[in-house]
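Structural overview
The residues making up each chain are set out below.
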Amino acid sequence: MTTRLSRRQLFGAATAGAVTVAGLGRAGATANPAHRLPSPAAVSASDPALLSAVEAAALLQSRALHPRELLDACLSRSAAHDGGVEAWIRIYPEQAYEAAESAARRLAAGSAPLVCGLPIALKDLYAVAGLPVTASSGVLDGNIAAGDAGVWRQLRDAGMVLMGHAHTHEFAIGTATPQVGNPWDVAYSPGGSSGGSAAALAARFTPCALGTDTGGSLRIPASACGITSIKATFGRCSTSGVIPLTWTRDHTGPMGRSIADASLLLSHMAGVDVDDPSTSVGPDVPAEGYPLAAAGGSRPLSGRRFGLPHGVADDLPGPIGTLFAGFLDLVRALGGEIVDVAEPEVPTGLLSGDYAEFGSYHRQFADRLPAYGAESALAATAAMASLALPVADYFALERARLRFQHDYNRMFAEHRLDAILRPGALTDGVRRDDLSDSSVFAGARENYFWANYTGAPVVCTPVGRSAATGIPFGVQLGGVPWSEAALISIVLELQEAQPVWRDAPPLGAAPRQIPEVRVAAPGAGPTATNTDDTGPGIRFVPTTSTAAV
């Protein structure tokens, strides 16, 4: 096991543009059972594409599976079934096979990182030098990244294999990703804005994916597609080289079929990035990474207290209300205690600050408004108009946000909570032909924005499928800042007891010739995304303080 330096040491030693890489070695390098991959002897699948990330990693590490075989299976399955889903916007087979062969050499030499050789999809906001990054928008047609996103650089250096970019709702502005079908029923939305990443995972096109979350964009599609996402604490994972929506709310995060898959990915993407100063705040990433296995037992959640905010389930449609109630029963059956709590209200007006940040980025495209989709053009125009917000008002909003963070932390302290519980969705699926205003700034913001305004970590875990629509439904478990490991441990127990994440959609034949792109000369820059994404220089810092503001 490589010894991890402190964040201070890493930050001081890093050179410009470098990201510290988690020193996580091979399976068996840790004596802690919670951090081990499954035994290769316990893993079986007729098609490698059906393997979860931790299962595939176990076979890759034991060299029972070659990275090229795994990549072949994922590309073949994508070609055979993505015609109905259309999760991919582009794939990169030539570069992917080169990466797979390089990963094979590292695995053969021993001591390769646990993610080495695993294929991955990136949301089409993440820059990869010499490859397109377009935010699924005509506004950026032909845009070629000038460098690598910080978290992709870290995962690439750990030996991961980039399959391609998955669709996003245009510029991550909305919660529907309307160009993508939900693998469980392509007439339904996969959610958004990370809908392509979630759909690719659910369809078994890839075992790993990255998304982003500004107001639920990891959690909404995770719930809709029956997969797992982790929105880690703000600053835990770098946002450098990722096309922004709002700089002080954006989170990058891992998506996997199971919590173990997402945890494995988080262990290798979390860390200090000198291009994102927010990553130098907070405690070190655990030296062994995040847990991968449940402790098990009859009551593994004994002593854990879960806050249920008043009224969060009152208006759920019957089928998903039943699933939510069943989840609460599962928590109790595993020994957890459900506590009714009054969650602090998100202050009115914070949305004005969001719009100002959103407009600050999009004003560079003011001469390209016709290239936006209709809904996105309206949102971008309104956001640019919001730049008239007086700076004193912006700072007043940030103070209100600080007060909300402290109130949120106080709720945890006063009730001695380990997590709060919220539905992952408030509707029983959304049909693609019935999409209303799906802007991330509209709709049920209170069900998601609490986590972006506090910067607190949240896991969204699947709990079943609606008896009415067949669309999956998930539950959010939120903690206080820097409590990712505790949340992951809780969800590992829940998924061990109720492994609905293993359910796969029954995809029919739907071949598609997915656009293939070869690496080209990097864009001119100066930033990795080849756009002006530097931001205002104002940085948000998460806190666990409960002091009155």
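Look a little higher up for the structure.
Structural notes, computed from the coordinates. (Residues numbered from 1 in each chain as written. Predicted model: local features only at pLDDT ≥ 70, side-chain atom pairs only at ≥ 80, totals over all residues. Heavy atoms only, no water.)

With respect to the overall build of the protein chain
- A count of helical and extended segments in the protein chain gives 14 helices and 11 strands.
- The C-alpha radius of gyration of the protein chain comes to 21 Å, within 12% of the 24 Å expected for a compact globule of 549 residues.
- For the protein chain, the C-alpha atoms occupy an extent of roughly 60 × 60 × 55 Å along the three principal directions.
- Relative to all contacts within the protein chain whose residues are 6 or more apart in sequence, the contacts with residues 24 or more apart total 80%.
- As displayed, the protein chain offers around 18,900 Å² of accessible surface, 52% of which is attributable to carbon and sulfur atoms.
- Charge-centre separation for the protein chain: the mean point of 40 positive side chains lies 6 Å from the mean point of 51 negative side chains. (Helix = DSSP H or I, 4+ residues; strand = E, 2+ residues; numbered from the N terminus. Rg over C-alpha atoms; globule rule 2.2 N^0.38 Å. Contact = heavy atoms within 4.5 Å. Areas by Shrake-Rupley, 256 points an atom, 1.4 Å probe, with all protein chains shown as cover. Lys, Arg positive; Asp, Glu negative; His and termini not counted. Charge placed at Lys NZ, Arg CZ, Asp CG, Glu CD.)

A word on the state of the cysteines
- All told, the structure shown has zero disulfides when counted by the stated rule.
- Of the cysteine sulfurs around Cys-74, a residue in no disulfide, the closest is that of Cys-208, at 9.2 Å.
- By relative accessible area, which is 1% here, Cys-74 ends up buried.
- Free cysteine Cys-225: the closest other cysteine sulfur is in Cys-460, separated by 11 Å. (Disulfide = S-S within 2.5 Å. Buried < 20%, exposed > 50% of the residue type's maximum accessible area, 1.4 Å probe, protein only.)

Observations concerning helix α8 (residues 259–269)
- Where burial is concerned, most of α8 is hidden: 11 out of the 11 residues are buried.
- Within α8, burial applies to Ile-259, Ala-260, Asp-261, Ala-262, Ser-263, Leu-264, Leu-265, Leu-266, Ser-267, His-268 and Met-269.
- Taking the backbone nitrogen of Ala-260 as reference, a side-chain oxygen 3.3 Å away marks Ser-258 as the first, capping residue of α8.
- The positive-phi residue at the C-terminal boundary of α8 is Gly-271, with phi of around 150°. (Polar contact = N/O pair within 3.5 Å; in protein donor to acceptor, adjacent residues only side chain to side chain.)

Examining the packing of aromatic side chains
- Taken as a whole and judged by the stated rule, the model has 11 aromatic pairs.
- Members of the aromatic cluster, each reached through a chain of ring pairs, are Phe-171, Trp-247, Tyr-361, Phe-365 and Tyr-372.
- Geometry around Phe-540 places Arg-401 over its ring, the cationic atom sitting 3.6 Å from the centre.
- If you follow Arg-431 out to its NZ or CZ, it ends over the ring of Tyr-188, 5.3 Å from the centre. (Phe/Tyr/Trp six-rings, centres within 6.5 Å; stacked < 30°, edge-to-face > 60°. Lys NZ or Arg CZ within 6 Å of the ring centre and 35° of its normal.)

Some words on the environment of Ala-73
- Considering the arrangement of structural elements, one finds Ala-73 in helix α3 (residues 67–85).
- Owing to a relative accessible area of 12%, Ala-73 belongs among the buried residues under this scheme.
- For the pair Ala-73 and Thr-206, spaced 133 residues apart in sequence, the C-alpha to C-alpha distance is 9.2 Å.

Focus: the pattern of salt bridges
- Under the counting rule described, the total for this entry stands at 20 salt bridges.
- One salt bridge in this structure joins Asp-354 and Arg-249, with 2.8 Å as the shortest N-O distance. Separated by 105 residues along the polypeptide, Asp-354 in helix α10 (residues 350–362) and Arg-249 in the loop between β5 (228–231) and β6 (251–256) bring together distant segments of the chain. Accessibility classification places Asp-354 together with Arg-249 in one group, the buried group.
- Residue Glu-337 is joined to Arg-305 by a salt bridge in which the shortest nitrogen-to-oxygen separation is 3.2 Å. You can see Glu-337 sitting in strand β8 (residues 337–341) and its partner Arg-305 sitting in strand β7 (residues 305–309), a full 32 residues away along the chain.
- Salt bridges linked by common partners bring Arg-249, Asp-354, Glu-357, Glu-398 and Arg-401 together as one network. (Salt bridge = Lys/Arg side-chain N within 4 Å of Asp/Glu carboxyl O.)

Comments concerning the nonpolar core
- Formed by 155 residues in total, the largest nonpolar core has its most connected members in Leu-118, Ile-120, Phe-171 and Leu-477.
- Ignoring any residue separated from it by four or fewer positions in sequence, one finds Ile-120 in contact with Trp-152, Leu-155, Met-160, Val-161, Leu-162, Met-163, Gly-164, Thr-206, Cys-208, Ala-209, Leu-210 and Leu-265. (Core = buried A, V, L, I, M, F, W, Y, C linked by side-chain atoms within 4.5 Å.)

Concerning the sheet that holds strand β4 (residues 208–213)
- Ordered in space as β1-β3-β2-β4-β6-β5-β10-β11-β9-β7-β8, the 11 strands form an open sheet in which the pairing is mixed. Strands with a single pairing partner mark the edges of an open sheet, and in this sheet they are β1 (88–91) and β8. Going across the sheet, the axis of each strand differs from the next one's by a mean of 30°, ignoring polarity.
- Of the pairings in the sheet, the one linking β1 to strand β3 (residues 161–166) comprises three bridges and is antiparallel in character. Bridging from a neighbouring strand, Arg-90 pairs with His-165 of β3.
- Lying over the sheet, α3 contacts β1, β2 (119–123) and β3, oriented at roughly 20° with respect to β3. (Pairing = 2+ DSSP bridges. Axes fitted to C-alpha atoms, helices over the stretch in contact; angles between N-to-C directions.)

Quick word on the packing of helix α5 (residues 150–157) against α8
- Relative to each other, α5 and α8 sit at 100°, their axes nearing to 8 Å. The angle between the axes of α5 and α8 places the two elements in the roughly perpendicular class. Taken together, the residues of α8 that come into contact with α5 (itself represented by Val-151, Gln-154 and Leu-155) are Leu-265, His-268 and Met-269. (Parallel < 35°, antiparallel > 145°, perpendicular 65-115°, else oblique.)

Examining the environment of Thr-527
- Counting through the fold element by element, Thr-527 comes out in the segment after α14 (484–497).
- We classify Thr-527 as buried; its relative accessible area is 13%.
- Those residues within four positions of Thr-527 in sequence are excluded, and the remaining contacts are Ala-146, Asp-533 and Thr-534.

Section: helix α11 (residues 374–385)
- With 12 residues, α11 extends 17 Å from end C-alpha to end C-alpha; this agrees with the ideal 16 Å at 1.5 Å per step.
- Of the residues making up α11, those classed as buried are Ser-376, Ala-377, Ala-379, Ala-380, Ala-383 and Met-384. All buried residues of α11 lie within an arc of 165° about the axis, which places them on one face of the element. Turned more than 90 degrees off the buried face of α11, the exposed positions are Ala-374, Leu-378 and Ala-385. (Expected span 1.5 Å × (residues − 1). Arc of directions from axis to C-beta.)

Focus: a nonpolar patch on the surface
- Together, Val-391, Phe-395 and Ile-538 make up an exposed nonpolar region whose accessible area comes to about 270 Å².
- On the secondary structure map, Val-391 appears in helix α12 (residues 391–415).
- Looking at Val-391, the relative accessible area reads 56%, which means it is exposed. (Patch = residues over 30% accessible without salt bridge, like charges linked within 9 Å, V, L, I, M, F, W, Y side chains within 5 Å.)

Thoughts on the pairing of β6
- With six of six residues buried, β6 lies mostly within the body of the structure.
- Pairing analysis gives six bridges linking β4 to β6, with the strands arranged antiparallel. Bridging across to β6, Ala-209 finds its partner in Met-255.
- Here β5 pairs with β6 via two bridges, running antiparallel. Within the sheet, the bridge partner assigned to Thr-228 lies in β6 and is Gly-256.

These values are about where atoms sit, not about what they do.
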